[in-house]
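# Structure assessment
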Amino acid sequence: MDGNSIDGLDAQFIGRVSPTAPRIQAGGHPCQGIYWTKSGTRPKIAVIATHYNVDFSEHYLAPYFARRGIGFLGWNTRYRGFEDQFLLEHAVIDIGVGMDWLRAEAGVEAIVILGNSGGGSLMGAYQAEAIAPTLTDRLPAAAQDALGALRKGDLYVSFNAHQGRPEVLTDWMDASVTDETDPVATDPALDPFNPDNGPPYSAEFQATYRAAQRARNQRITDWAKVELQRLNAAGIPDRLFPMFRCWGDIRCIDPVIDPSDRAPGQCYRGDPRIANRTPSIGRVNTIKTWLNMWSLETSPCRGAPHLAKFDTPALVVQGMGDTGVFPSDARAIFEFIGSVDKRIELIAGAHYFEDLAINRENAADLVTSWIREKL
């Protein structure tokens, strides 16, 4: 599709097949995105950003980078809008399709990988697999060559990123859930919304609560492994199951924990007390997706093992007004990154810097300046 000019920018739609997913009969491509550039230009440097399931084609930073002379590919894998079916090994191959397009067709000479929000650990996994593949045994033989041919990004930017998919879900889980089939069943002694427990939360309650969150994740994993064996023995490949109450991060309720400039009593869905009772992150899964994306025990989507492989310059940026990613997350990501050349910046702004336009401008200026310094 030809590009359209928008406020001095060109926005070109890209649709491509994947080595492990063909174009569907209705016409859709598994890999899709929009390439943003300043009108009439052909940048030599470009950024690529992808999320596990959120559509990043119209990413909020795309116009900011494009106006600064850097191309921006907001790229989607086959799993945009299909979180319940996610498998990391196929997602990184789909990201590779976007990387190949930038170099082979857009004429880009240097690519910056942007790991934003939940996309942080996904893009980190892509970069790590391009350095040293570990997912090969999860793929059929015909797809292993595609994994081995992934192109490494020249720079990596972690941008208000969660540590990993299993980590963020576990941090947000309501630890007081006693029955995964019943959204009402609650242990009052662990209920973060029970005023007898806080806020403020004692150090003892915090430790007990965090342990109970990890235990909840493990209980679901234990059930999932047994259930998948039962289903497979009956000739059934998989099944869906719901998950309730996943806005229970006590940092959202008590601003004294992991202090920052964030508004107290807020999560990405507003008041955690209300959000926790409505369907949200991870609300429906197949068993295979739970084991692949959310399980602390089995998921390859944990951030640390991938970040440890990095050997290219890396920048970690964290908005101090973020209500779902906290300073300790940014510092942990910084420590996990194996690159010698790495930098961390804690700056003003909310999760998507949606609070003030100046915060977006400042964030874009910071990253652009760093990119030009390194390239």
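Described in the following lines is the structure provided in the data block. From a predicted model like this one, the values you see are computed outputs, not experimental measurements. (Residues numbered from 1 in each chain as written. Predicted model: local features only at pLDDT ≥ 70, side-chain atom pairs only at ≥ 80, totals over all residues. Heavy atoms only, no water.)

## Thoughts on the packing of aromatic side chains
- Here the structure, examined in full by the defined rule, presents 14 aromatic pairs.
- Summarising the aromatic geometry, the rings of Tyr 52 and Phe 86 are spaced 4.9 Å apart at their centres and angled 65° between planes, so their arrangement reads as edge-to-face. One end of the pair, Tyr 52, is in the loop between strand E4 (45-49) and helix H1 (62-67); the other, Phe 86, is in the loop between strand E5 (71-76) and helix H2 (88-104), with 34 residues separating them in the sequence.
- With relative accessibility at 1%, the residue Tyr 52 sits in the buried group. (Phe/Tyr/Trp six-rings, centres within 6.5 Å; stacked < 30°, edge-to-face > 60°. Helix = DSSP H or I, 4+ residues; strand = E, 2+ residues; numbered from the N terminus. Buried < 20%, exposed > 50% of the residue type's maximum accessible area, 1.4 Å probe, protein only.)

## Section: unusual backbone geometry
- Omega for the peptide link from Gly 198 to Pro 199 comes to 5°, which places this bond in the cis form.
- Position of Pro 199 among the secondary structure elements: in the loop between helix H5 (165-172) and helix H6 (203-233).
- The step from Pro 199 to Pro 200 runs through a cis peptide bond, and the omega angle for that step is -5°.
- By the secondary structure assignment, Pro 200 is in the loop between H5 and H6.

## A short note on the pairing of E5
- Along E5, 6 of the 6 residues are buried, which leaves the element largely enclosed by surrounding structure.
- Pairing of E4 with E5, which is carried by 4 bridges, proceeds in the parallel orientation. Among the inter-strand pairings, Ala 46 is bridged to a residue of E5, identified as Gly 71.
- Taken together, E4, H1 and E5 form a β-α-β motif whose crossover is right-handed. (Pairing = 2+ DSSP bridges. Right-handed = clockwise from strand over helix to strand, strands pointing away.)

## Overview of the environment of Asp 94
- In this fold, Asp 94 is placed in helix H2.
- Note: C-alpha distance between Asp 94 and Asp 154 (60 residues apart in sequence) is 18 Å.
- Each residue touching Asp 94, except ones within four places of it in the same chain, is listed here: Ser 18, Thr 20, Cys 31, Trp 75, Thr 77 and Arg 78.
- A distance of 2.8 Å separates a polar atom in the side chain of Asp 94 from a polar atom in the side chain of Arg 78. (Contact = heavy atoms within 4.5 Å. Polar contact = N/O pair within 3.5 Å; in protein donor to acceptor, adjacent residues only side chain to side chain.)

## Describing the nonpolar core
- Residues Ile 48, Phe 86, Leu 102 and Trp 290 are the most contacted members of the largest nonpolar core, which totals 67 residues.
- It is H2 that provides the largest number of residues to this core, a total of 9 residues.
- Apart from the residues lying within four places of it in its own chain, the contact partners of Ile 48 are Leu 73, Trp 75, Ile 95, Gly 98, Met 99, Leu 102, Ile 111, Val 112, Ile 113, Leu 114 and Met 123.
- Residues Trp 36, Leu 155, Val 157 and Leu 315 belong to the second largest nonpolar core, which totals 32 residues. (Core = buried A, V, L, I, M, F, W, Y, C linked by side-chain atoms within 4.5 Å.)

## A short note on the side chain of His 306
- Structurally, the position occupied by His 306 is in helix H10 (residues 303-307).
- Those residues within four positions of His 306 in sequence are excluded, and the remaining contacts are Leu 88, Gly 124, Ala 125, Ala 128, Glu 129 and Pro 300.

## Some points on the packing of H6 against helix H9 (residues 287-294)
- Axis separation between H6 and H9 bottoms out at 9 Å; the angle between their running directions is 140°. Comparing their axes, H9 and H6 come out oblique. In the packing of H6 onto H9, the handedness of the crossing is left-handed. Residues Asn 217, Ile 220, Thr 221, Trp 223, Ala 224, Lys 225, Glu 227, Leu 228 and Leu 231 of H6 touch H9, and the partners they reach there are Ile 287, Lys 288, Trp 290, Leu 291 and Trp 294. (Axes fitted to C-alpha atoms, helices over the stretch in contact; angles between N-to-C directions. Parallel < 35°, antiparallel > 145°, perpendicular 65-115°, else oblique. Left-handed = near helix turned anticlockwise from the far one by under 90°.)

## Concerning the environment of Gly 28
- Relative to the assigned elements, Gly 28 resides in the loop between strand E2 (9-16) and strand E3 (31-38).
- For the pair Gly 28 and Ala 207, spaced 179 residues apart in sequence, the C-alpha to C-alpha distance is 48 Å.

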